[in-house]
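Here's the letter readout for the chains.
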Amino acid sequence: MDTGARGDTEAERLADDLVRSARIRSTAVAEAFRTVPRHLFLPGVPLAEAYADEAVATQFVDGVATSSASQPSMVAIMLEQLGLRRGQRVLEIGAGTGWNAALMSRIVGPEGVVISLDIDEELVSRAERNLASAGVDGVTVLCADGALGHPDGAPYDRIVLTVGSWDVRPEWIEQLAPGGRILLPLTVRGSQLAIAFDAPGDGLLHSASVRSCAFIRLRGAGAGPEVTIDLGLPGWSVQAAEEVEVDRDAVRSALSEPGRSWPVVPDPGLGEADVWDGVGLWLALGDPAVFRLLATGEAAGSPVGTSLFVGRHRDRVTVALGGPDGFAALVTDDAGSGRPGDHAPVAVRAFGSGGPELAAELMRRIDGWTDAGRPHASDLAVLAAPRGTELPGGGAMVEKEHVRLSVRTRG
Ligand SMILES: C[S@@+](CC[C@H](N)C(=O)[O-])C[C@H]1O[C@@H](n2cnc3c(N)ncnc32)[C@H](O)[C@@H]1O
């Protein structure tokens, strides 16, 4: 079946939608979306699926997606963050289907260079085939662990990771041209943030923009520490910042009781994005003892599980403040009408003997977020420096293996 002409129309429709929703803001990115057909990078995937605004998983290992064509709106947001110009040299880490590399090649033009790495030989071959079928010849795809970058092609005006990283590796910073920009999905206190860092030459990286995102994580030498702690209760786990030790037994024993909840007054009216990237991120930046509580399967359907704030597929997740004798979690109020579409009233549920005190503290911090104007990921400014370097105070300090970050809300 020849889907070529329909694919072109679909690519144009997708570009128009992304322009309308302001995910695409520049002519160069719009033009790339219009002229690089996504379906040619997803052979065998129905046209409607290839042009829906969804990520499409293209490889699984043990039921877990290890590669995907990223969600078009996220690709657009990141291309705008990257600020590519004609003639630039770009290194991409995470070739996947090759679609993003093709879009970038279109933007930098024939006088530019796009090198794209993937750690998986099979994916490299597929990306090469996809690029050939789309008639894109300006991309070099190589099989390598992107943790080390690609020194042979350095320096790069832009380095972009389309795979989540826990750290900012020194290899990437060394391979960046003076005045260059590196964009990466970086784990910061349990949230993944797409941060575009500029390297103006003062030894620091300065964020030019921050957005929330959710990417598959790096494999190989740059795979970060595992931050999910199985609580040993079926379906229950905790995701914590690396800086703190969550007392697994204390959380488990506190969870064995149903807990007690109080409504947050006045109701801050939270949606899913607020819990992930707004108040959740704010709470985690304010205190590394804040963790994410996750319930899957039967646990998600239990009375406590269903009260957790955010539903993801059939799973539930929320933020919680931990202490030695319990924890307090952001939940939906039992007293809500439960009618579909109704905004669930927000409550705080206390578990364990120390829970009520932590619940009061959690409420104070939620008020603090409201008073600060309900900041989200895009309101953050981040500085990164090699570990041990002094950074200006006033922000949350997040320590990684190679860098330390100072994260604050933009004034
Ligand atoms: C979300 S996909 C990238 C999507 C891709 N840019 C596209 O347009 O289809 C993430 C990719 O990162 C790759 N990856 C994971 N760890 C890597 C590493 N250490 N070095 C290079 N690639 C890696 C995975 O194999 C996967 O293909």
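Residues numbered from 1 in each chain as written. Predicted model: local features only at pLDDT ≥ 70, side-chain atom pairs only at ≥ 80, totals over all residues. Heavy atoms only, no water.

## Thoughts on the environment of Thr140
- With respect to the secondary-structure elements, Thr140 resides in strand E5 (residues 139–143).
- Given the relative accessible area of 40%, Thr140 is considered partly exposed.
- Each C-alpha atom of the pair Thr140 and Pro288 lies 41 Å from the other, and the pair is 148 residues apart in sequence.
- Ignoring anything within four residues of it in the chain, the contact list for Thr140 reads Val114, Ile115 and Ser116. (Helix = DSSP H or I, 4+ residues; strand = E, 2+ residues; numbered from the N terminus. Buried < 20%, exposed > 50% of the residue type's maximum accessible area, 1.4 Å probe, protein only. Contact = heavy atoms within 4.5 Å.)

## Digging into the domain arrangement of the chain
- For the chain, the assigned domains read domain 1 (55–222) and domain 2 (228–371).
- One C-alpha centre belongs to domain 1, the other to domain 2; they are set 33 Å apart.
- Of the roughly 820 Å² buried at the junction of domain 1 and domain 2 (both faces included), carbon and sulfur atoms supply 49%.
- The largest per-residue losses of area from domain 1 upon contact with domain 2 belong to Arg189, Gly190 and Ser191, which jointly make up 64% of the total buried on that side.
- Joining domain 1 to domain 2, the criterion identifies zero salt bridges.
- Linking domain 1 to domain 2 there are five residue pairs in polar contact (both at pLDDT 80 or more).
- For the side of domain 1 that touches domain 2, the secondary-structure elements that each account for two or more residues are strand E7 (176–188) and strand E8 (191–198).
- The residue makeup of the side of domain 1 that touches domain 2, split by class, is three nonpolar, four polar and one charged. (Domains from an automatic or database assignment. Buried area = accessible area lost by both parts, 1.4 Å probe. Salt bridge = Lys/Arg side-chain N within 4 Å of Asp/Glu carboxyl O. Polar contact = N/O pair within 3.5 Å; in protein donor to acceptor, adjacent residues only side chain to side chain. Nonpolar A, V, L, I, M, F, W, Y, C, P; charged D, E, K, R; others polar.)

## Considering helix H5 (residues 99–108)
- Taken across its ten residues, H5 has nine buried, putting it largely inside the fold.
- In the stretch just after H5, Gly109 is the one whose phi turns positive, near 75°.

## Details of the packing of aromatic side chains
- With the rule as written, the count across this model stands at three aromatic pairs.
- Aromatic side chains Phe33 and Trp99 sit 5.4 Å apart centroid to centroid with 85° between the ring planes, which places their arrangement in the edge-to-face category. Taken as a pair, Phe33 in helix H2 (residues 27–35) and Trp99 in helix H5 lie far apart in primary sequence, 66 residues in all. Summarising the burial analysis for this pair, Phe33 and Trp99 share the class buried.
- Through a chain of ring-to-ring contacts, the aromatic side chains of Phe291, Phe327 and Phe351 assemble into a single cluster.
- Taking NZ or CZ as reference, Arg38 lies 5.0 Å from the ring centre of Trp99, over its face. (Phe/Tyr/Trp six-rings, centres within 6.5 Å; stacked < 30°, edge-to-face > 60°. Lys NZ or Arg CZ within 6 Å of the ring centre and 35° of its normal.)

## Quick word on the pairing of strand E16 (residues 326–332)
- In terms of burial, E16 is a largely internal element, seven of the seven residues being buried.
- Alternating positions in E16 separate into two faces, Gly326, Ala328, Leu330 and Thr332 on one and Phe327, Ala329 and Val331 on the other, with burial throughout.
- With four bridges joining them, strand E15 (residues 315–323) and E16 adopt antiparallel strand pairing. Note on E16: the bridge partner recorded for Gly323 is Gly326.
- In sequence, E15 turns back onto E16 through a hairpin of two residues. (Pairing = 2+ DSSP bridges.)

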